[in-house]
Structures are given as C-alpha cells and as structure tokens.
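# Structure assessment
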Amino acid sequence: MGGGKSMSRNSIKSKLLVIAVVTAFIAVLYLFKTTCPIMALLGFPCPGCGMTRALLSVFKFDFVSAFHYHAMFWSMPLLYLYFLFDGNLFRNKKVNKTVFILIVVGFGINWVYNLLKFY
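Here we summarise the structure given alongside this text.

Thresholds, definitions, all that
- Residues numbered from 1 in each chain as written.
- Predicted model: local features only at pLDDT ≥ 70, side-chain atom pairs only at ≥ 80, totals over all residues.
- Heavy atoms only, no water.
- Axes fitted to C-alpha atoms, helices over the stretch in contact; angles between N-to-C directions.
- Helix = DSSP H or I, 4+ residues; strand = E, 2+ residues; numbered from the N terminus.
- Parallel < 35°, antiparallel > 145°, perpendicular 65-115°, else oblique.
- Left-handed = near helix turned anticlockwise from the far one by under 90°.
- Contact = heavy atoms within 4.5 Å.
- Buried < 20%, exposed > 50% of the residue type's maximum accessible area, 1.4 Å probe, protein only.
- Arc of directions from axis to C-beta.
- Core = buried A, V, L, I, M, F, W, Y, C linked by side-chain atoms within 4.5 Å.

Let us now look at the packing of helix H5 (residues 76-84) against helix H6 (residues 93-118). At a minimum axis distance of 11 Å, the contact between H5 and H6 shows a crossing angle of 135°. By the angle between their directions, the pair H5 and H6 is classed as oblique. As for the relative orientation of H5 and H6, their crossing is left-handed in sense. Judged by residue contacts, Met76, Leu78, Leu79 and Tyr82 of H5 engage Val95, Asn96, Val99, Phe100, Ile103 and Phe107 from H6.

See below:
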C-alpha cells in the first residue's frame, strides 16, 4: 500500500515539473519576443500558433480576440485536466477518447485554416 502513495507523489512531482518546464519555456519565448519556435525555424504556423495570445486574451475576458487568435482556446482547460488525471477525465473511457479525439480534430481543422490564411 505504501508503494501506491509514493507512486502517486512521484506522478504529482513529475506533472509539476512538466508544468514548470512548459511555463518557463513560454516565459522565455515571451521575453525574447519569439512568437512560435516552429514558425521561426520552418516559416509556417504550427497547430498551436496563436494559443498563447488567445489565452492572454481570455485572461482579459476578451473572448472574441481569443477565438480570433486560436479557435480551440476553450479546450486548454480540458487538456490540462486530461493531463492531471492521466486521460481519465470522465468515468466512461469511450467519452474520454471521443472528447480527446474531437479536440485533436479541432486543432487539425484550426491548423489547416491557419495554413490557408498564411499562404
């Protein structure tokens, strides 16, 4: 029984580390005014391009701008919860899988739209 608790602590520690690294990475990009490393390296937008600006707009309660920057901004809290709960956000596994697939498809559609706008 003790192993379960330590595994849980390790899981929490590793998730906190991932969150800290991602936050630090975004902060560094923001400080160096780099909008997107994929855009900077390859010259075209990535599936997440605009998400930081969208989330900053959400924090200002400007949902119209958030939608303009990235239409899937609303999915970030769900993805965060999926991450925290190891993909088991809902009791039904099929619901978990379906919602996750819909989010991935939404990101894909948004990315294709942004690529068409870009070119």
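Another point: helix H3 (residues 51-59). The complete set of buried residues in H3 reads Met51, Ala54 and Ser57. Buried residues of H3, seen end-on, are gathered within an arc of 120° and therefore sit on one face of the element. Buried residues belonging to H3 abut helix H4 (63-69), H5 and H6. Positive backbone phi, at 60°, marks Phe61, one or two positions downstream of H3.

Turning our attention to the nonpolar core. Grouped together as the largest cluster of nonpolar side chains are seven residues: Met51, Ala54, Ala66, Met72, Phe73, Ile103 and Phe107. If you list the elements that add at least two residues to this core, you get H3 and H6. When near neighbours in sequence (up to four residues on either side) are disregarded, Ala66 contacts Ala54, Ser57, Val58 and Phe73.

The subject of this paragraph is unusual backbone geometry. Note: most residues except glycine have negative phi, and most peptide bonds are trans. One non-glycine residue, Phe61, lies in positive phi territory at about 60°. Its location among the elements puts Phe61 in the loop between H3 and H4. For Phe61, a relative accessible area of 67% translates into the label exposed.

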